[in-house]
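Take a look at the letters that make up each chain.
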Amino acid sequence: MASGRFISVEGGEGAGKSTNIEGVRARLQAAGLRVVVTREPGGTPLAEEIRKLLLAPREEAVCDDTELLLVFAARMQHVERVIKPALARGDWVISDRFTDATIAYQGAGRRMGVDRVQALRTLLLGDFAPDLTLLLDLPVDRGMERLAGRGAPDRFEMEDREFFDRVRAAYLQLAASEPGRFRVIDAARPLPAVQAAVAQAVEAFLLQSAAP
Ligand code: T5A
């Protein structure tokens, strides 16, 4: 039985996930917890190779189901080799994205169907899910502005505005359907305000986790 806790951080492009994860890590470590920070797609050498395949722009059109299965191939390696062992050791795991990203990006963004992606998730992962998900919510244009000038876009960043609108709407719908797991953070505010909101959510979760 896992004794650690699993936190995922989600949001659209440039929402501030990487930036805010550092604050979450610091707070958990200050509470004396051992913390593993990881990311998806990726988190193991094999899964990082799959990440490169997924993100690289290419001339060959990638079939939707190929993309979906690559995402889950990377995820299964990550879950079995990194996340579950860490939780079993009693470590806390923070993952930059997890299955909600697949529901938002492949299910809604790519229009593969949220129910279809949920069915695959259930088939492969059963009821394994994060204990807490911080959703950094930001209007699509603001995220794109933050990423401007960061170099060549990856295969997802090349998608159009409507794609990312569907991603954002799907994330918000997921959060509304699972209010016990999600905390929605308004990520459009200046960084100190976002960091304060993230810290508050983590503090509340620590208290909840310590409760008998
Ligand atoms: N994907 C992933 C799928 O399609 N399906 C899946 O199942 C999964 C898991 C890679 C791609 O894979 C797709 C989605 C993605 O397109 P990724 O590496 O997480 O996933 O990609 P990004 O979301 O593109 O990650 P980014 O690093 O680009 O964005 P972050 O981490 O959200 O943003 P961050 O922290 O790097 O911040 C971006 C910039 O904004 C500034 C930061 O300093 C930085 O410069 N910033 C702020 N500026 C002003 N105010 C604030 N509040 C700010 N917060 C951050």
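Cut-offs and rules
- Residues numbered from 1 in each chain as written.
- Predicted model: local features only at pLDDT ≥ 70, side-chain atom pairs only at ≥ 80, totals over all residues.
- Heavy atoms only, no water.
- Helix = DSSP H or I, 4+ residues; strand = E, 2+ residues; numbered from the N terminus.
- Contact = heavy atoms within 4.5 Å.
- Polar contact = N/O pair within 3.5 Å; in protein donor to acceptor, adjacent residues only side chain to side chain.
- Buried < 20%, exposed > 50% of the residue type's maximum accessible area, 1.4 Å probe, protein only.
- Near = heavy atom within 4 Å.
- Areas by Shrake-Rupley, 256 points an atom, 1.4 Å probe, with all protein chains shown as cover.

**Let's talk about the environment of Arg168**
Next, step 1: Here Arg168 shows up in helix 7 (residues 161-177).
Next, step 2: Look past the residues within four positions of Arg168 in its chain and what remains in contact with it is Asp137, Leu138 and Pro139.
Next, step 3: A polar side-chain atom of Arg168 sits 2.8 Å from a polar atom in the side chain of Asp137.

**What to know about the environment of Thr19**
Next, step 1: Mapped onto the elements, Thr19 comes out in helix 1 (residues 17-30).
Next, step 2: According to the relative accessible area criterion, Thr19 is partly exposed, its value standing at 42%.
Next, step 3: Separated by 14 residues in the primary sequence, Thr19 and Leu33 have C-alpha atoms spaced 20 Å apart.

**Here's the deal with the site of the ligand**
Next, step 1: Inspection of the region around the ligand gives 30 residues, with Lys17, Thr19, Arg51, Arg97 and Arg150 positioned closest.
Next, step 2: Within the side chain of Thr102, one N or O atom sits 2.7 Å away from an oxygen atom of the ligand.
Next, step 3: A distance of 2.8 Å separates a nitrogen atom of the ligand from a polar atom in the side chain of Gln106.
Next, step 4: For the ligand, whose free accessible area comes to 1000 Å², the fraction covered by protein is 83%.
Next, step 5: Those elements that provide at least two residues to the shell around the ligand are helix 1, helix 2 (45-55), helix 3 (64-89), helix 4 (99-109), helix 6 (140-147) and helix 8 (191-210).
Next, step 6: Of the residues forming the shell around the ligand, the biggest block, four residues, is contributed by helix 4.

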